[in-house]
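A look at the structure
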Amino acid sequence: MKHRILYIIILGLLFCLNMTAQKNDDGMHRYNTREMTIGSTDFADTIPIEFVGNQIYIPVYIGGQRHLFNLDTGSSQGVAYIGSGIDYSEPLGNINSRDANGSIDTIPIVEYPELRLGSADGLSIKGYKASLLPRHGKHYIYDGIIGFDLFNKGLQAKIDVKRKRIVITDRKNYFADEPGFEVKYKLIRWTPYLSINTFLDHKEPVLFDTGARDIFVMNKQHFDTERKKDPRVPMLVEETTYGQNAVGSYGAEKRDLIFFIKFPTLPWGNFTFRDVHSYTTQGDSKFGGAILNYGTFVINPKRKRIKFWSYSGGNSVEVSNRIDDVSYMEEDGKIVVASIRHTSEYYKNGFREGDTVISVDGKAVVSDSDPKLTDKTSKHTFILHDIRGFDKEVTINNK
């Protein structure tokens, strides 16, 4: 990828869970995974998935109707969208929710009807709770989110995007003979955090977040601390710019300095990802959905382990990814340049942070997922409106 599109997606929704399954006097709803029931025992189901834009989508049937749900391990429970066309209960109360940028809000919680995974007669899940949020954007292909509570319930899973399937089981040792490299995780706000040696002697808490799209991003505050402590860390920096790189449920992160980083090696236990390009964010450090392109993952909540096995075998893989040159976000119904690399052709030809994209090739742009914003195969002419109030025409020749 050479464009860095800033998708407005629900990332890292982290909820407060407790022991009771009722609305309390304070209006807060507290529950645990005992409220969720699985319709089978001693099972191992293979469920088809779609993997698009580094995101996992599971077919979910509700009342016989097919929907796609995003599988987001960075969210502690599900998400329901207002206006999705899916029936859900009246609000059961409110919960305190923390989004990808660390912003906290109080939002209602609802219960889905019975969910069937994969097919109309697939694995049944009843009593599945979800936060209720407005549906952002105009081009989402999914109707809801399944969070990490599916695994906190005790179910194990093997995710294999190359074969477009996920195997889910309640059998204790079902994946015991699977090859791979294990990393232990601990639950923080009921989502899985790994301890990763990102560089030198630094151990970084990293969220395993399939709802994020990048391979890896790093918390800026932690990176700032380490680069001031050790003179070797700044050598990892490829470029810096100002802007915003993430949008959570409750808005964009604050404008700040962004570091573009090259990690020569990034370990997963005794496995090594080589030549990983990354950048800093104000939210948590994360392994995102793009990492799924390199191998299979087995999630074992009973042992709190995640096992990785490369599609190519061996104990390392060359990543050599590229961070996108420009990112966009929707702001008051307009598509705005959120950040831009100063070494890019976009910057050299006149793109600037804060520019509003009026049109591409004479057609209005209404979504940051417009394919012409990401197309790297053709010549495109942009009309941009800058922060001074002037329009400018910029042509990017991708041929």
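A short tour of the structure in this document, coming up. Everything quoted here is computed from the prediction, not taken from an experiment. (Residues numbered from 1 in each chain as written. Predicted model: local features only at pLDDT ≥ 70, side-chain atom pairs only at ≥ 80, totals over all residues. Heavy atoms only, no water.)

Observations regarding the packing of aromatic side chains
For the structure shown, the criterion picks out 26 aromatic pairs. With a centroid separation of 5.1 Å and an interplanar angle of 70 degrees, the aromatic rings of F271 and F273 are classed as edge-to-face. Classification of F271 by relative accessible area gives buried; the value is 0%. Taking the ring centre of F260 as reference, the NZ or CZ of R341 above it sits at 4.3 Å. (Phe/Tyr/Trp six-rings, centres within 6.5 Å; stacked < 30°, edge-to-face > 60°. Buried < 20%, exposed > 50% of the residue type's maximum accessible area, 1.4 Å probe, protein only. Lys NZ or Arg CZ within 6 Å of the ring centre and 35° of its normal.)

Let's talk about the side chain of D160
For D160, the position within the fold is in strand β16 (residues 156–160). A polar contact of 3.1 Å, which involves the side chain of D160, links it to the side chain of Y311. Leaving out residues up to four positions away in the same chain, D160 has contacts with I49, R165, T296 and Y311. (Helix = DSSP H or I, 4+ residues; strand = E, 2+ residues; numbered from the N terminus. Polar contact = N/O pair within 3.5 Å; in protein donor to acceptor, adjacent residues only side chain to side chain. Contact = heavy atoms within 4.5 Å.)

Some words on the pattern of salt bridges
If you walk through the whole model with that rule in mind, you get 24 salt bridges. Of the charged contacts, one joins D284 and R189 as a salt bridge, the two residues approaching to 3.6 Å between their closest N and O atoms. Of the two residues, D284 is situated in the loop between β26 (271–281) and β27 (285–287) and R189 in the loop between β18 (181–188) and β19 (191–199); the sequence distance between them amounts to 95 residues. K262 serves as the salt-bridge partner of D275, at 3.6 Å between the closest nitrogen and oxygen. With D275 in strand β26 and K262 in strand β25 (residues 256–268), this residue pair connects regions lying 13 residues apart in the sequence. By sharing partners, the salt bridges in this structure join K220, D224, R227 and D256 into a single network. (Salt bridge = Lys/Arg side-chain N within 4 Å of Asp/Glu carboxyl O.)

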